[in-house]
Amino acid sequence: MNVESMKAFAKADKALTGLKTDLVILFVSTSGPGEVPTNAMKFHRCLKKLKVSPSWLNDTSIVTVGLGNSTYDNFCGAAKIFSGRLSSVGGKEHGLYLTCLDKADLEESSEKWRTKLLKAIALEEPKSEPNPKLESEPKSDPSSEPKIKLKKRRIPPLTSLGIELVTKKGYLSDKRYYEGLTARLQSHLVERVRRGLTPDAPFNATIKSARIMTSAHSKDRHVMHLELSLPLGGRKIHCPNSEADVLRLLKRLKVDPKTVITKISEKNAKTSKSHVLSHIFLPCTARDLFRYCLDITSPPKKSVIRMLGAYASDEKEKEHILSLCEISKEGKRLYAKEILNPMVPLIELLERFPSINAPLAHLIQLMPPLLPRYYSISSAPNTHPSEVHVAFSIVRYKVQTPCGEKKREGVCTNWLYQKCSSLNIVQNDYLSKQTQNPNKLPSPNTILPVFIRRGGEFRYPTDVSKPIIMVGPGTGVAPFRGFSLYRDFQRKALKANATGVGAWRGMDWQHVEDEDEDEDEDSRVYKHPNAPQYFNGVERGVSEHDEDIHKLDGVGPAYLFFGCQRKDIDYIYESDLKTFQSNGTLNALHVAFSRAEEKKVYVQHLMEREGKLISNLLCKQEGYFFVCGDGTRMARDVMESVERILSAHTEMDPSQAKAYIVQMLKEKRYVQDIWS
């Protein structure tokens, strides 16, 4: 069986003739609101361009495994797209397994769809290879301490070591890197001009200012407003791991930080495949490998724990480690209690079990890549054409672990805070006394590598005359500040009888079709209304040929529902929101304070008080409903509240109200930007 990424497959075979085989298994996740992930875009474009008969894949069996999170509207939308397209050209679909891969049940869910997959392709499920040392009691001297009975258990199969490292002693100058921007992320200006800003071609943003928006009395939650200067805008930031954490981990692994890794190749491969782990840039030192390329702070998955157990020399430790990754209810409970809930990172697991002596190659083979962080933009290009504003909570908290109380800090939010602190630009910097500053940079530097990610359907309506309802508790209000800035701009322009009001499309990618055979990357180009032309910018104005032209017959009403704990603690953007209310940008501002009184009040409670108005705006005026924030509970509670409002203030019964919301989702009038 040949295993290949969709990107590599489509690059080598644009006609996709390789699909004409007995069996094709597709594994695809979903990005954002039902979108195809970046590394599958080329395959998707090739699939759409296919001009073949409906019976082209009559002899091919298709199994599509969709990976996603059920809290999103279009659950596993990318898998549905691929499955539908292949079925339309004759592929025999054996089953679309839409699996919710939440953190809490990741391994259990994976095991379920793996079993279904093997049944679908008529293969026997491979039995886990038991460790010989676990089948019987370990041999020991009868006079020694009591024997430890290691029972048989169902554990994941050990992932074999599939790569080889070529290393040497040496030193690479820090001049090769630019403060968190690795060689893999750097690109020539010509490439950036041709494609725009992409994950592989970020822009170096400059920190302009920063301020803490929460009160000093907020002990457990602090929110920062950050302003970046750049000609295009951005919302995804590359951040490094803590230098202190990296050195601590390398010391435990007994690896010299200056060890240079020159090559990573596939072990025992028939053909030489160098650089099989694309998220690792080469050559690099061990220090840079763990600082810039690998995620060392997330709780290790069971496959990693299984591998660590194989390298534990102490039988007691091996027994306990394997119990953490056992595929059973008890194994799930133990993994959640000792690893997942306390967010135990790799270094703490290695320090807890000192007999683990895992080789570097096997470790980096299974460790996930260090991913960029997403942040909602709280500004508008019309009012801040060369800036981007973001708001984020500085993540810091304490947890109880099997080894006692431990501190936890968000990688990117604390890195951003400490960069700003090192420049002495943070206003109301009351946090400095509480910060241990483990990630302090060696020298002040204001550069941040950022790039654009599509905002999908979460953007201001193209018809500004339509009413909008915005619900954003906490930092979920950030994009609605941007919406309001844009509304204020439009309102003033219309009042002045302007004829060239720009049409803001929000954060938007425009796909560039393959122009040559040597294209290396899938392109997703961001077009900014105020961007200079050499950066793929376009001047957008009102034109009869513009499909997104705004109707300039007046700006519709806007209502914002915001929630926080208390007015004197975490009422973020208070001044801005009140200004929008007083100048008419917002028709009404509703704020819920959940800790101000004994009875907690949330945004959905205020919504139901305004039920008659909301039902009129959504049903009679075909308004838009936007939700941003927590997807675990808030988004679900808000949707249920809308269902109750429609049932109470219209002639719809509960089932009809639910169907109406589904229709709004399809029409992109009920739009969510949520996270778990």
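Residues numbered from 1 in each chain as written. Predicted model: local features only at pLDDT ≥ 70, side-chain atom pairs only at ≥ 80, totals over all residues. Heavy atoms only, no water.

## Focus on the overall build of the protein chain
Now for step 1: Assigned secondary structure in the protein chain consists of 20 helices and 22 strands.
Now for step 2: Counting only residues that meet the buried cut, the protein chain has 51% of its 676 residues in that class.
Now for step 3: Restricting the contact set of the protein chain to residue pairs at least 6 apart, pairs at least 24 apart contribute 74%.
Now for step 4: On the protein chain, roughly 32300 Å² of surface is accessible, and the fraction owed to carbon and sulfur atoms is 50%. (Helix = DSSP H or I, 4+ residues; strand = E, 2+ residues; numbered from the N terminus. Buried < 20%, exposed > 50% of the residue type's maximum accessible area, 1.4 Å probe, protein only. Contact = heavy atoms within 4.5 Å. Areas by Shrake-Rupley, 256 points an atom, 1.4 Å probe, with all protein chains shown as cover.)

## Some details on the nonpolar core
Now for step 1: One finds Ile-280, Leu-289, Phe-290, Leu-308 and Ile-364 to be the most contacted residues of the largest nonpolar core, which totals 47 residues.
Now for step 2: Those residues in contact with Leu-289 that sit more than four places away from it in its chain are Ile-261, Ile-280, Cys-284, Leu-294 and Ile-364.
Now for step 3: In this structure, Met-470, Phe-483, Cys-564 and Tyr-573 belong to the second largest nonpolar core, which totals 30 residues. (Core = buried A, V, L, I, M, F, W, Y, C linked by side-chain atoms within 4.5 Å.)

## Here we look at helix α8 (residues 302–310)
Now for step 1: Within α8, seven of the nine residues are buried, leaving the element largely enclosed by the surrounding structure.
Now for step 2: Every buried residue belonging to α8 is among Lys-302, Val-304, Ile-305, Arg-306, Met-307, Leu-308 and Gly-309, and all of these are buried.

## Things to note about helix α18 (residues 611–620)
Now for step 1: Along α18, the residues that are buried comprise Gly-611, Ile-614, Ser-615, Leu-617 and Leu-618. What you see down the axis of α18 is that its buried residues fit within an arc of 165°, all on one side. Structural note: α18 exposes Lys-612 and Lys-620 on the side pointing more than 90 degrees away from its buried face.
Now for step 2: Structurally, α18 contributes buried residues whose contacts are with β16 (468–471), β19 (558–564), α17 (603–609), β21 (624–630), α19 (634–649) and α20 (654–666).
Now for step 3: A positive backbone phi angle near 55° is found at Glu-622, which sits one or two residues after α18. (Arc of directions from axis to C-beta.)

## Quick notes on the sheet that holds strand β9 (residues 284–285)
Now for step 1: Within the open sheet, the three strands sit side by side as β4-β8-β9. Their pairing is antiparallel. Across the chains shown, the open sheet's two edge strands, defined by having one partner strand only, are β4 (163–168) and β9. (Pairing = 2+ DSSP bridges.)

## What to know about the confidence of the model for the protein chain
Now for step 1: This prediction gives the protein chain a mean pLDDT of 76; 70% of its residues lie at or above 70.
Now for step 2: Element-level mean pLDDT values for the protein chain span from 32 in strand β17 (residues 509–511) up to 97 in β16.
Now for step 3: Taken as a whole, residues 123–151 scores under 50 in pLDDT and shows 33 contacts with residues more than four places along the chain or in a different chain.
Now for step 4: Predicted confidence is poor over residues 429–445, with pLDDT under 50, and the contacts of this stretch with residues over four places away or in other chains come to 41 contacts. (pLDDT = per-residue confidence, 0-100.)

## Here we look at a positive patch on the surface
Now for step 1: Together, Arg-595, Lys-600, Arg-633 and Arg-636 give the surface a local cluster of positive charge.
Now for step 2: When you line up the elements, Lys-600 lands in the loop between β20 (588–593) and α17.
Now for step 3: Note on Lys-600: relative accessible area 40%, which makes it partly exposed. (Patch = residues over 30% accessible without salt bridge, like charges linked within 9 Å, V, L, I, M, F, W, Y side chains within 5 Å. Salt bridge = Lys/Arg side-chain N within 4 Å of Asp/Glu carboxyl O. Lys, Arg positive; Asp, Glu negative; His and termini not counted. Charge placed at Lys NZ, Arg CZ, Asp CG, Glu CD.)

## Describing the packing of aromatic side chains
Now for step 1: Under the defined criterion, the tally for this structure stands at 14 aromatic pairs.
Now for step 2: Ring plane angle 75° and centroid distance 5.8 Å describe the contact between Phe-480 and Phe-483, whose orientation is recorded as edge-to-face. One end of the pair is Phe-480 and the other is Phe-483, both in helix α14 (residues 478–495) and three residues apart, which spans about a single turn.
Now for step 3: A residue is classified by how much of its surface remains accessible, and Phe-480, at 0% relative accessible area, is buried.
Now for step 4: Overall, Phe-483 belongs to the buried group, its relative accessible area being 3%.
Now for step 5: Ring pairing ties together the aromatic residues Phe-458, Tyr-460, Phe-480, Phe-483, Tyr-486, Tyr-624 and Phe-626, which thus form one cluster. (Phe/Tyr/Trp six-rings, centres within 6.5 Å; stacked < 30°, edge-to-face > 60°.)

## Quick look at the pattern of salt bridges
Now for step 1: Tallying each qualifying case throughout the model produces 17 salt bridges.
Now for step 2: Two residues, Arg-248 and Glu-351, come together in a salt bridge whose shortest N-O distance is 2.7 Å. Placement of Arg-248 in helix α6 (residues 243–253) and of Glu-351 in helix α11 (residues 346–352) is noted, with a sequence separation of 103 residues between them.
Now for step 3: By relative accessible area, which is 33% here, Arg-248 ends up partly exposed.

## Observations regarding the pairing of strand β22 (residues 670–675)
In the case of a regular strand, side chains alternate between the two sheet surfaces.
Now for step 1: Extensive coverage of β22 is indicated by the burial of five of its six residues.
Now for step 2: When β21 meets β22, the two strands line up parallel, connected through six bridges. Bridging across to β22, Gly-629 finds its partner in Ile-674.

## What about the packing of α18 against α19?
Now for step 1: The geometry of α18 relative to α19 is characterised by a closest axis approach of 9 Å and an angle of 90° between their N-to-C directions. Of the possible angle classes, the one that applies to α18 and α19 is roughly perpendicular. Across the interface between the two elements, Gly-611, Lys-612, Ile-614, Ser-615, Leu-618 and Cys-619 of α18 pack against Val-642, Ile-645, Leu-646 and His-649 of α19.
Now for step 2: In terms of residue class, the contact of α18 with α19 is built from six nonpolar, three polar and one charged. (Axes fitted to C-alpha atoms, helices over the stretch in contact; angles between N-to-C directions. Parallel < 35°, antiparallel > 145°, perpendicular 65-115°, else oblique. Nonpolar A, V, L, I, M, F, W, Y, C, P; charged D, E, K, R; others polar.)

## Here's the deal with the side chain of Asp-295
Now for step 1: Examined against the element boundaries, Asp-295 turns out to sit in the loop between α7 (286–293) and α8.
Now for step 2: In this structure Asp-295 is buried but unpaired, with Arg-373 as the nearest side chain of opposite charge at 5.4 Å.
Now for step 3: Side-chain polar atoms of Asp-295 contact the backbone nitrogen of Thr-297, separated by 3.1 Å.
Now for step 4: Here Ser-298 takes part through its side chain, which lies 2.6 Å from a polar atom of the side chain of Asp-295.
Now for step 5: Ignoring anything within four residues of it in the chain, the contact list for Asp-295 reads Met-367, Pro-368, Pro-369 and Leu-370. (Polar contact = N/O pair within 3.5 Å; in protein donor to acceptor, adjacent residues only side chain to side chain.)

## Brief notes about the sheet that holds β19
Backbone-to-backbone hydrogen bonds pair the strands of a sheet. The strands run either parallel or antiparallel.
Now for step 1: Spatial strand order, β20-β19-β16-β21-β22: five strands in an open sheet with parallel pairing. Each having just a single partner strand, β20 and β22 make up the two edges of the open sheet. Pairwise comparison of adjacent strand axes, ignoring direction, gives a mean angle of 10° for this sheet.
Now for step 2: As paired elements, β19 and β20 share six bridges and run parallel to each other. Along β20, the bridge assignment pairs Leu-560 with Leu-589.

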